[in-house]
Amino acid sequence: MSKVLVVLETAGGQLRPHCLPGITAAKQIADARGQELHLLVLGADTGAAAEIAAAGYGAAGVHTITDPALEPFTAEAWADAVIHAVKTLAPSVVGGTASSTLRDCLPRAAAVLDAPLCAEVIAVKSGDTFTRPISAGRALLDEKVSGDLVFFTARGSEFEPAAAGAAAPVSAIEGASVATRGVEVVGIRKTESSRPALTEASVVVSGGRGMREGSNFKVLEDLTDLLGGALGASRAATDAGMVPADLQVGQTGKIVAPNLYIAVAISGAIQHLAGMKGSNTIVAINKDEEAPIFQVADYGLVAKWEEALPRFVELVKAR
Ligand code: FAD
């Protein structure tokens, strides 16, 4: 029986939680094709992550490729590992959550193996037909991908994290030749934050160009911390240097789907909506009642943030 293989990421030996929706998408594909679900754990130290993967999620098998060259991440080395796993395991489908890592390495592996890739899947229609947004989310495309081997990436915001399932045996894949091919990671500048990761937070508070300058984000940070959420921003705000680029939400930033998304002084351009319109409840504060953000907002307040936010913070504090 052929298989559907999900690529899982590790950090410091632990499974990254954002991988779990990718397992759910792969399980739907496997069920639709009547094939087995298999998990592939890649990293310099896969032990703990493989154990977690093996203990649940209903996979038929968990496979590991452990190599020091897999950390820090380079698309070159990871693509080598994926290609080796495909040659060893002969799956019919390979994919995972559309994280920055898999968005980078899976297309390389697919290109080398001359296989099609359906990117940013938001729904599984059948074993070979998947729905994905096009034109920054203006339209949805049902795409049929055929061949003996196909790749996919699935939007983490559109699939539930994989639920616990039966345990699976773990086996190490040996013999991978993993090389970074001239790419050397010379430094990693990590944003240190006590807040939850933007893509994993249940509350996201985002600011836009209307915040005018970085220091004005302080009031948004206060609100974010009171709600235990993550801070986000529009591209206009990150491009203007008000906040770091890794806070950008949208088509070319992070895709988020929290329980609560609060958009402050953000107009609601289609490229921003592409990154947050899957949120459960959207609250918008904007001084312009015609701002397009109000078309997707569940609750809208037409007001200047300078007046609305201090009051908002006060009310949350008083809860
Ligand atoms: P603006 O559109 O300038 O809106 C500012 C808003 O603030 C206005 O609605 C205004 O009424 C309001 N405002 C001003 N002052 C106040 C005040 N005192 N109180 C309350 N409200 C106030 N954008 C993204 O966000 N994410 C992306 O990933 C992204 N990718 C892109 C990819 C491409 C290829 C392109 C072409 C564009 C992309 N953009 C993206 C940019 C996008 O088109 C918009 O330019 C951007 O989202 C606008 O950001 P904004 O809403 O903060 O700014």
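Residues numbered from 1 in each chain as written. Predicted model: local features only at pLDDT ≥ 70, side-chain atom pairs only at ≥ 80, totals over all residues. Heavy atoms only, no water.

## A few points about the pattern of salt bridges
With the rule as written, the count across this model stands at 12 salt bridges. Between Arg108 and Glu76 there is a salt bridge; the shortest N-O distance is 3.5 Å. Separated by 32 residues along the polypeptide, Arg108 in helix H4 (residues 100-112) and Glu76 in helix H3 (residues 75-89) bring together distant segments of the chain. Judged by its relative accessible area of 36%, Arg108 falls in the partly exposed class. Among the salt bridges present, the one from Glu120 reaches Arg155, with a minimum N-O distance of 2.8 Å. (Salt bridge = Lys/Arg side-chain N within 4 Å of Asp/Glu carboxyl O. Helix = DSSP H or I, 4+ residues; strand = E, 2+ residues; numbered from the N terminus. Buried < 20%, exposed > 50% of the residue type's maximum accessible area, 1.4 Å probe, protein only.)

## Some thoughts on the UniProt feature "binding site: FAD" (unreviewed entry) in the protein
Per the UniProt annotation, the sites labelled "binding site: FAD" (unreviewed entry) are Arg209, Ser234, Arg235, Gln248, Val249, Gly250, Gln251, Thr252 and Asn286. On the basis of their most widely separated C-alpha atoms, the annotated residues across 78 residues do not gather in one place, lying as much as 22.8 Å apart. Every residue in contact with Arg235, bar those within four places of it in the chain, is listed here: Gln248 and Thr252. With respect to the secondary-structure elements, Asn286 resides in strand E16 (residues 281-286). A residue is classified by how much of its surface remains accessible, and Asn286, at 8% relative accessible area, is buried. Those residues in contact with Asn286, other than ones at most four positions away along the chain, are Ala265, Ile266, Ser267, Ala291, Ile293, Phe294, Leu301, Val302 and Ala303. (UniProt positions renumbered as here; feature names shortened; annotations may be inferred. Contact = heavy atoms within 4.5 Å.)

## Details of the sheet that holds strand E5 (residues 61-66)
Across the sheet, which stays open at both edges, the seven strands sit in the order E7-E11-E6-E1-E4-E5-E12 with parallel pairing between neighbours. Two strands lie at the open edges of the sheet, namely strand E7 (117-121) and strand E12 (170-172), each paired on one side alone. The average angle at which neighbouring strand axes cross in this sheet is 25°, direction not considered. Bridge analysis of E7 against strand E11 (residues 150-154) gives three bridges, and the strand direction is parallel. Pairing of Leu117 across the sheet is with Phe151, part of E11. (Pairing = 2+ DSSP bridges. Axes fitted to C-alpha atoms, helices over the stretch in contact; angles between N-to-C directions.)

## Observations concerning the site of the ligand
Contacts to the ligand come from 25 residues, most closely from Arg209, Ser234, Gln248, Thr252 and Ser267. In this structure, an oxygen atom belonging to the ligand sits 2.7 Å away from a side-chain N or O atom of Arg209. One of the side-chain nitrogen or oxygen atoms of Glu306 is found 2.9 Å away from a nitrogen atom of the ligand. Broken down by secondary-structure element, the contributors of at least two residues to the shell around the ligand are helix H6 (235-239), helix H7 (270-273) and helix H9 (305-317). Class assignment of the residues belonging to the shell around the ligand gives a composition of seven nonpolar, 12 polar and six charged. (Near = heavy atom within 4 Å. Polar contact = N/O pair within 3.5 Å; in protein donor to acceptor, adjacent residues only side chain to side chain. Nonpolar A, V, L, I, M, F, W, Y, C, P; charged D, E, K, R; others polar.)

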